[in-house]
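Observations on the three-dimensional arrangement
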Amino acid sequence: MPDSRLKIMILLPSLAGGGAERTILNLANNIDESRFHLKILLLTAEGPYLENIDQSKLLFQTKTLFQKNGFIQFFQTVFRILPFQIKTIKRERPDIIMTVTESMNYYGFFLRKWMGSSAFQWIVRCGNNIFLEAASKQFPANWVLQKLLKLTYRSADKIVTINKGINPVISNRYGIEKQKIVTIYNPLDLDLIKRMSKAPCPSNLPDNFILGVGRLEKQKRFDVLIKAFAKSALVDEGTHLVIIGKGSKLRDLIQLAESLGVSDFVHFEGFQSNPYAYMRATKAFVLTSDWEGFAHVVAEALACEARVISSDCDFGPKEILKQGELGALFSCGNDDELAVLFKKEIAREVNPKSIEKPNRFDLKRIISNYESLLESM
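Sequence order as written defines residue numbering, which begins from 1 separately in each chain. For a predicted model such as this one, the threshold for reporting local features is a pLDDT of at least 70, and the threshold for listing and counting side-chain atom pairs is 80 or more; totals across whole chains, interfaces and linings nevertheless cover every residue. In computing side-chain values, all of the structure's heavy atoms are included and hydrogens and water are not.

Overview of the overall build of the protein
Within the protein one finds 14 helices and 13 strands. Only the C-alpha atoms count toward the radius of gyration. The rule for a globule is 2.2 Å times the residue count to the power 0.38. For the protein, the C-alpha radius of gyration of 21 Å lies close to 21 Å, the compact-globule estimate for 377 residues. Overall, the protein is about 65 × 45 × 40 Å in size when its C-alpha atoms are taken along their principal axes. We call a residue buried when its accessible area falls under 20% of the maximum for its residue type, exposed when it is over 50%, and partly exposed in between, using a 1.4 Å probe and counting protein chains only. Across the 377 residues of the protein, 53% fall into the buried class. Residue pairs at least 24 apart in sequence account for 71% of intrachain contacts in the protein once pairs closer than 6 positions are excluded. Total accessible area computed for the protein in this model is approximately 17300 Å², and 51% of it derives from carbon and sulfur atoms. When the 50 basic and 41 acidic side-chain charges of the protein are each reduced to a single mean position, those positions are 6 Å apart. Under the DSSP-based scheme used, a helix requires at least four consecutive residues in state H or I and a strand at least two consecutive residues in state E, with every element numbered from the N terminus. Only heavy atoms matter for contacts: two residues are in contact if any of them lie within 4.5 Å across the pair. Here the accessible surface of atoms and residues is derived via Shrake-Rupley with a 1.4 Å probe, and residues count as covered only by protein chains that are part of the display. In this charge count, Lys and Arg are treated as positive and Asp and Glu as negative; neither His nor the chain ends contribute. Charge coordinates come from a single atom per side chain, which is NZ of Lys, CZ of Arg, CG of Asp or CD of Glu.

Below, the structure written as structure tokens:
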């Protein structure tokens with residue numbers, strides 16, 4: 001009997017531990033398999049989420065691409081991975097392809113040009129502040145990316161954003177019809193988060209700490225968090241700073257903490273598969289990004305009933321925090337303002353409303369939104 005299910009293919013670089021990968025992990029594990037046949041096509045089968053997904057849903061050529069040096073990566077990509085991916089798409093013949101990171105969005109644009117617009121319907125997921133992300137690169141890369149963004153987004157059949165604030169900006173800047181853009185928030189498995197948050201934190205951690213979670217990259221501005229921590233009275237009160245995440249700025253951040261004299265109070269814990277135990281135990285969760293697409297960790301912190309302090313960056317945090325009703329907002333990059341907020345927020349009672357607000361991002365609701373979008377195409 002022929003398979004009448006809608007065939008969906010999602011393109012990802014890997015199953016690294018970011019918000020896009022968490023979203024696709026949740027979608028793959030919870031989509032209605034009686035209606036949808038979903039496959040994930042990877043550049044490389046690397047990342048901590050590999051063990052959390054049905055392996056039969058994964059398509060890949062190699063497990064070691066990102067562990068190689070730049071020349072080997074280029075050679076392997078051009079002569080092995082790309083031919084494999086094109087052959088796989090032709091064999092699988094998906095009805096819809098969805099790209100969910102900016103690198104894959106650009107890749108999707110070239111795939112569509114190569115294979116033709118009638119080969120598949122194409123959904124682009126806008127998972128970040130694409131304008132600031134592109135502008136943060138050095139010339140001429142920033143100029144090239146700005147041009148590619150316009151071509152990519154105008155070529156897509158549908159654009160999924162993860163916050164409502166960016167929709168009119170995309171529409172106006174690229175001349176895209178508003179009905180082509182739909183907002184679907186990142187999903188949260190609230191039951192799982194609540195269960196995992198009850199686990200104990202590692203015994204080596206201090207009892208009193210504030211928390212930052214994210215990639216240790218320029219966008220996340222952990223330097224602002226460390227500077228504000230050093231300027232506040234938290235150290236004198238015996239409160240520590242815990243930072244969860246990996247990235248290229250680790251050495252710089254360690255040196256910054258040392259130069260400010262707070263290295264004994266700043267703990268770099270690397271990637272953690274259960275950040276929710278930390279979120280539940282923390283005195284306050286802090287996001288210091290210069291820009292965000294959704295700020296997944298802010299919604300997760302609310303689900304763990306944590307006090308939340310966030311930079312008022314475009315576009316996600318303010319929307320998640322209901323314009324500051326559910327947490328405190330401070331000006332991007334302003335460590336003085338953040339230092340003042342620490343004492344005030346740690347003393348604040350958690351808003352009881354915040355315990356229910358993450359239901360906006362409940363997994364079942366978000367998966368249903370994706371299923372409706374896919375069927376509408």
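Regarding the packing of aromatic side chains
Pairing of aromatic rings covers Phe, Tyr and Trp, the last counted by its six-membered ring, and requires centre-to-centre distances within 6.5 Å; plane angles under 30 degrees mean stacked, over 60 mean edge-to-face, and any other angle means tilted. Tallied over the entire structure, the rule returns six aromatic pairs. On the basis of an interplanar angle of 70° and a centroid distance of 5.3 Å, the ring pair of F109 and F110 is categorised as edge-to-face. Taking the relative accessible area as the measure of exposure, F109 reaches 8% and is therefore buried. Of the residues examined, F110 reaches a relative accessible area of 48% and is grouped as partly exposed. Residues Y153 and Y174 carry aromatic rings whose centres are separated by 6.1 Å and whose planes lie at 45° to one another, so their mutual orientation is tilted. Pair noted here: Y153 is in helix 5 (residues 141-155) and Y174 is in helix 6 (residues 167-174), with a separation of 21 residues, a long-range link. Summarising the burial analysis for this pair, Y153 and Y174 share the class buried.

A word on the sheet that holds strand 1 (residues 6-12)
Spatially, 3-2-1-4-5-6-7 is the arrangement adopted by the seven strands of the open sheet, whose pairing is parallel. In this open sheet, the two strands that pair with only one neighbour each are strand 3 (58-59) and strand 7 (181-183). Here, strands pair whenever DSSP counts at least two bridges between them. Here strand 2 (residues 36-42) pairs with strand 3 via two bridges, running parallel. Looking at the pairing, I40 lines up with L58 of strand 3.

In short, the description is geometric, and any link to function would need to be established separately.
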